[in-house]
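The lines below spell out each chain.
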Amino acid sequence: MDERLPLSVLLLARDEERRLAALIPGLSFAREVVVVVDSASRDRTREVAERLGARVFVRPLEELGGFGPQRAFALAQCREPWVLWLDADERLEGRAVAAVRRALAAGGAAGFRVERRTWFLGRPIRHCGWRGEKVLRLFRREAARFDDAPVHEQVSVAGAIADLDGVIEHHSYATWEECRAKLVRYAAAGAEKARRAGRSAGPLDLAFRPPLRFLRMYVLQLGFLDGARGVAVCGLAAAQVFLKYAELWAAGRDRGG
């Protein structure tokens, strides 16, 4: 008797052979794992995922609109009635896996949120606005739809939403190199998202938005309690805001704005 859950785990991956090798074996509670690999991957991401039993699709990310369209494509490949959305740098801890089992057995809601705890350079960040963050990650496949945002995409679910016990451990910033690369990539994607929405930027955005972001995270959201890592997290967030609006300003200037 197959005791696996009627669940598809949805993953996007680029240059993630190491993380997928650690992640996929721990997803044996699900009937299928669907991995959409960015065609720009330079390592053995595809081969590793296939060897571990995942259904793998290779598709370019940025030239087809970014994460939102890529995630929507991945959702369309899922075959089970329930979908769990994870990233390669995330792990469901034990209580969360048990909560997923209970949720699918009970039914009722169409989607479930779970708390995500983000780690930065080897330690969890407990403030900076990251503490207690809940993300919608488990949902009925037929009730879900992803937006077309190039980054920070969201899923909407038709039906009731409930909360799950447990935590998703998010190891997104393991090295300084990863922090720096994500800062530049997310700033560019955020500028593109704002440009699509018809927004523009001027000197006041460049002068005031970055320090305001830092002060909100460091003071109002108690980032100073995270010590040096709190300073770094808030500083990186402010730098990302500056780059985003600088790119948006430059794009408007190039168009004669």
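These lines cover the structure that appears in this document, whether it is placed above or below.

Cut-offs used in this document
- Along each chain, numbering runs from 1 in the same order as the chain's sequence is written.
- The predicted nature of this model means local features are confined to residues of pLDDT at least 70 and side-chain atom pairs, given and counted, to a pLDDT of 80 or more, with totals for whole chains, interfaces and linings taken over all residues.
- With hydrogens and water excluded, all non-hydrogen atoms of the structure serve as input to the side-chain values.
- In the sections that follow, a salt bridge refers to a side-chain nitrogen of Lys or Arg positioned within 4 Å of a carboxyl oxygen of Asp or Glu.
- The secondary structure listing takes helices from DSSP runs of H or I that are at least 4 residues long and strands from runs of E that are at least 2 residues long, numbered from the N terminus.
- A simple rule labels every residue: compare its accessible area, found with a 1.4 Å probe on the protein chains alone, to the largest value its type can have, and call it buried under 20%, exposed over 50%, or partly exposed in between.
- One bridge is not enough; two strands pair if DSSP finds at least two bridges between them.
- Working rule for contacts: check all heavy atoms of both residues, and any pair within 4.5 Å makes them a contact.
- Residues adjacent in sequence count toward polar contacts only when both atoms are side-chain atoms; beyond that, a polar contact is any pair of N or O atoms within 3.5 Å, and within protein one must be able to donate a hydrogen and the other to accept it.
- For a helix, the expected span equals 1.5 Å multiplied by the number of residues minus one.

## Re the pattern of salt bridges
Working step 1: Applying the stated criterion across every chain, the model contains 24 salt bridges.
Working step 2: R14 serves as the salt-bridge partner of D38, at 3.5 Å between the closest nitrogen and oxygen. Of the two residues, D38 is situated in strand β2 (residues 30-38) and R14 in the loop between β1 (5-13) and α1 (17-23); the sequence distance between them amounts to 24 residues.
Working step 3: A relative accessible area of 6% places D38 in the buried class.
Working step 4: Taking relative accessible area as the criterion, R14 reaches 37% and is therefore assigned partly exposed.
Working step 5: Measuring nitrogen to oxygen at the nearest pair gives 3.2 Å for the salt bridge that ties R79 to E32. With R79 in the loop between α3 (67-77) and β4 (82-85) and E32 in strand β2, this residue pair connects regions lying 47 residues apart in the sequence.
Working step 6: According to the relative accessible area criterion, E32 is buried, its value standing at 6%.
Working step 7: Three or more residues joined by partner-sharing salt bridges are found here, namely E90, R116, E133 and R137.

## A closer look at unusual backbone geometry
Working step 1: Located in the positive-phi region is H152, a residue other than glycine, with phi close to 55°.
Working step 2: Among the structural elements, H152 can be located in the loop between β9 (144-146) and β10 (155-157).
Working step 3: Relative accessible area serves as the criterion here: at 46%, H152 is assigned to the partly exposed category.
Working step 4: The backbone of L222 shows a phi angle near 60°, a positive value even though the residue is not glycine.
Working step 5: Within the fold, L222 resides in the loop between α6 (203-220) and α7 (227-254).
Working step 6: Taking the relative accessible area as the measure of exposure, L222 reaches 35% and is therefore partly exposed.

## Here's the deal with the pairing of strand β6 (residues 111-120)
Working step 1: Sheet topology note: the β6/strand β8 (residues 134-140) ladder contains five bridges and is antiparallel. In the sheet register, E115 faces β8, and the bridge partner there is K134.
Working step 2: Where β6 and strand β11 (residues 161-173) come together, eight bridges link them in parallel fashion. Bridged to E115 within β11 is V167.
Working step 3: Bridging between β6 and strand β7 (residues 123-124) involves two bridges; their strand directions are antiparallel. Across the sheet, W119 pairs through a bridge with P124, a residue of β7.
Working step 4: Linking β6 back to β7 in an antiparallel pair, the connection comprises two residues, with L121 at a positive phi of about 50°.

## What about the environment of L206?
Working step 1: Structurally, the position occupied by L206 is in helix α6.
Working step 2: Excluding anything up to four places from it in sequence, L206 contacts F242, Y245 and A246.

## Some points on the side chain of E178
Working step 1: Tracing the chain through its elements places E178 in helix α5 (residues 176-196).
Working step 2: For E178, the side chain forms a polar contact with the side chain of R19, separated by 3.1 Å.
Working step 3: When residues no more than four places from it in sequence are discounted, the contact partners of E178 are R19, S172 and Y173.

## Concerning α5
Spacing of three or four residues puts side chains on the same side of an α-helix, whose turn is 3.6 residues.
Working step 1: A rise of 1.5 Å per residue sets the reference length of α5, with its 21 residues, at 30 Å; its end C-alpha atoms lie 30 Å apart and thus fit the reference within 8%.
Working step 2: Those residues of α5 that fall on the buried side of the exposure criterion are E178, C179, K182, L183, Y186, A187, A189, G190, A191 and A194.
Working step 3: Taken from the residues just after α5, G198 is the one with a positive phi, measuring 85°.

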